[in-house]
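# Architecture at a glance
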Amino acid sequence: MKVTGFKATPVLVPMTAPLRWSMGVETGTVRTVLELFTDDGLIGLGETYGGQEIAGRFEDVKQFFLGARPVEVQKVAAKFEVFRTTSEQSYLTIQLRYVAAALEMAFWDLLGKEQGVRLCDLIGGTRRETVPFVAYLFYRYKNKESSVGGEDGPAGIVEQYAELKEKYGFRGLKLKTGVFPPAVERETVRALRQSFGEQIEFLRVDPNQAWSAATAIRELNLLKEFSLEYCEDPTFNLEGCSQVRRAVGMPLATNMAVVAMDQVAPMVRMNAFDVVLVDPYFWGGITAVKRLAAVADAFNFSLAIHSDRELGIGHTASLHLWATTPSISHSYDSHYPFQADDIITEPLRWSGGACPLPKGPGIGVAVDPEKLEKYHHLYRSKGGRLEFFDRNRPDWVPRVPLW
Ligand SMILES: [Mg+2]
């Protein structure tokens, strides 16, 4: 079986209400869905960050994958190795990294379908059949049409967690912070602990670099009484986080300061982080994450899955990654419950706070052609959605540190 053609479709799926973060507002998710066609009729599915600009890049690199057999998945992925390093051409290299991620995902999907085995069995074998999650909580603007959202302080967030806990069975949470002054967010954490106590097994915060090093040191010391699992990106860059970690002694995680393999050695030398968040996109693919996992084992840091509004193909690929990679030792958190819809036929489901791996071969999901068309049309009519800036506050400028 050989890959004979492809189709890359950008889509926009809205959020049920606008999600706030330190640098702006997330109103939807823009993704490119890749379908690889083969000479025997099987279709391989991949997903990656970005819209038409990324979708158009597959044509530029088609000589890297057209004619290749699914079993050559890692050979195809290796052709993009140079684009996984930090470069002054980052505008272009990152596009090719995202392209490589979708291609590798789709090749694994094809290989699994060809051999009748699941992706997890191709990349190491599962350690468990369900992947544990914590809730991902956001301060939100209100959706003016549906009245969903509007959480702007402790009471709203406590209610949001209660709803997600009831519906999905989560036993922990990550609170997206860096939106309000630190004292408001600290009171939100306090309200969550007061309301749910030890029922919250894991409690994370993620200010996305909004705090200065001094603010981060002060705030994390004040947050210690609430037993945080870790804080993601309290301040910017390796130097800042290294200072904060030394001063506070609380585990720190990142998906902003360490985003490529060449940044891992300085991170280890500077003792800057305990946890690196990975996904199959910005790390460049499943094989790249597996390579990082070996480094994590050798240098005694752990991994967690980075969530950034995945749709069902990419999200399920990350479930396979979680289930087969012991270095990914933290539960998954996801925007998915806030996304209005998906482009796969059977959207993800949670029970008892965990999401099961699908049973079918490859990634184990199928595209719903009507939804793919519907959200492609939405992308074409509304365009991409930048998550930076805030339309509700036109004079506001994102910057770090904010506080
Ligand atoms: Mg983060």
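Calculation criteria
Residues numbered from 1 in each chain as written. Predicted model: local features only at pLDDT ≥ 70, side-chain atom pairs only at ≥ 80, totals over all residues. Helix = DSSP H or I, 4+ residues; strand = E, 2+ residues; numbered from the N terminus. Rg over C-alpha atoms; globule rule 2.2 N^0.38 Å. Buried ≥ 20, exposed ≤ 12 C-beta atoms within 10 Å, placed from the backbone. Contact = placed C-beta atoms within 7 Å. Core = buried A, V, L, I, M, F, W, Y, C linked by C-beta atoms within 7 Å. Domains from an automatic or database assignment. Expected span 1.5 Å × (residues − 1). Arc of directions from axis to C-beta. Pairing = 2+ DSSP bridges. Axes fitted to C-alpha atoms, helices over the stretch in contact; angles between N-to-C directions. Nonpolar A, V, L, I, M, F, W, Y, C, P; charged D, E, K, R; others polar. Right-handed = clockwise from strand over helix to strand, strands pointing away.

## Observations concerning the overall build of the protein
Broken down by element type, the protein carries 12 helices and 12 strands. Taking 403 residues into account, the globule formula puts the C-alpha radius of gyration at 22 Å, and the protein, at 20 Å, falls close to it. In the protein, which comprises 403 residues, the proportion classed as buried is 51%. Excluding contacts between residues fewer than 6 apart, the proportion of contacts in the protein whose partners are at least 24 apart in sequence is 75%.

## Overview of the nonpolar core
If you look at the biggest cluster of nonpolar residues, it comprises 125 residues, and the most contacted ones within it are Leu34, Leu103, Ala106, Leu173, Phe273, Val275 and Val276. A per-element tally of this core places helix α3 (residues 90–115) first, with 14 residues. In terms of domain composition, this core takes at least three residues from each of domain 1 (3–117 + 368–380) and domain 2 (120–356). The residues contacting Phe273, other than those within four sequence positions of it, are Cys241, Leu252, Ala253, Thr254, Val258, Met267 and Phe301.

## Remarks on helix α5 (residues 154–168)
With 15 residues, α5 extends 21 Å between its outermost C-alpha atoms, agreeing within 8% with the 21 Å of an ideal straight helix rising 1.5 Å per residue. Taken residue by residue, α5 has Ile157, Gln160, Tyr161, Leu164 and Tyr168 as its buried positions. Down the axis of α5, the sector holding all buried residues measures 95°, keeping them to one side. Facing away from the buried surface of α5 by more than 90 degrees, the exposed residues are Ala155, Glu159, Glu163 and Glu166. Once α5 ends, the next one or two residues include Gly169, with phi positive near 80°.

## Some thoughts on the sheet that holds strand β2 (residues 24–38)
Within the open sheet, the three strands sit side by side as β1-β2-β3. Their pairing is antiparallel. The sheet is open, and its two borders are formed by β1 (3–21) and β3 (43–49), each paired with just one other strand. For this sheet the average axis-to-axis angle between neighbouring strands, irrespective of direction, equals 20°. Pairing of β1 with β2, which is carried by 14 bridges, proceeds in the antiparallel orientation. Residue pairing for β2: Val13 is matched across the bridge by Thr29. Those strands touched by helix α1 (residues 52–60) are β1, β2 and β3, and its axis lies near 165° from that of β1.

## Re the domain arrangement of the protein
Taken domain by domain, the protein holds domain 1 (3–117 + 368–380) and domain 2 (120–356). Using C-alpha coordinates to define each centre, domain 1 is positioned 23 Å away from domain 2. Taken together, the contact pairs 42 residues of domain 1 with 41 residues of domain 2. Among the secondary structure elements, those contributing two or more residues to the side of domain 1 that touches domain 2 are β1, β2, β3, α2 (73–78), α3 and α12 (369–382). Its residues assigned to classes, the side of domain 1 that touches domain 2 shows 24 nonpolar, nine polar and nine charged.

## Description of the pairing of strand β4 (residues 130–137)
In terms of burial, β4 is largely enclosed, as six of its eight residues are buried. Bridge count between β4 and strand β11 (residues 332–333): two bridges; the pairing is parallel. Looking across to β11, one finds that Phe133 is bridged to Tyr332. As defined by bridge partners, β4 adjoins strand β5 (residues 172–176) across three bridges and the pair is classed as parallel. Bridging across to β5, Leu137 finds its partner in Leu175. Handedness of the crossover joining β4 and β5 through α5 is recorded here as right-handed.

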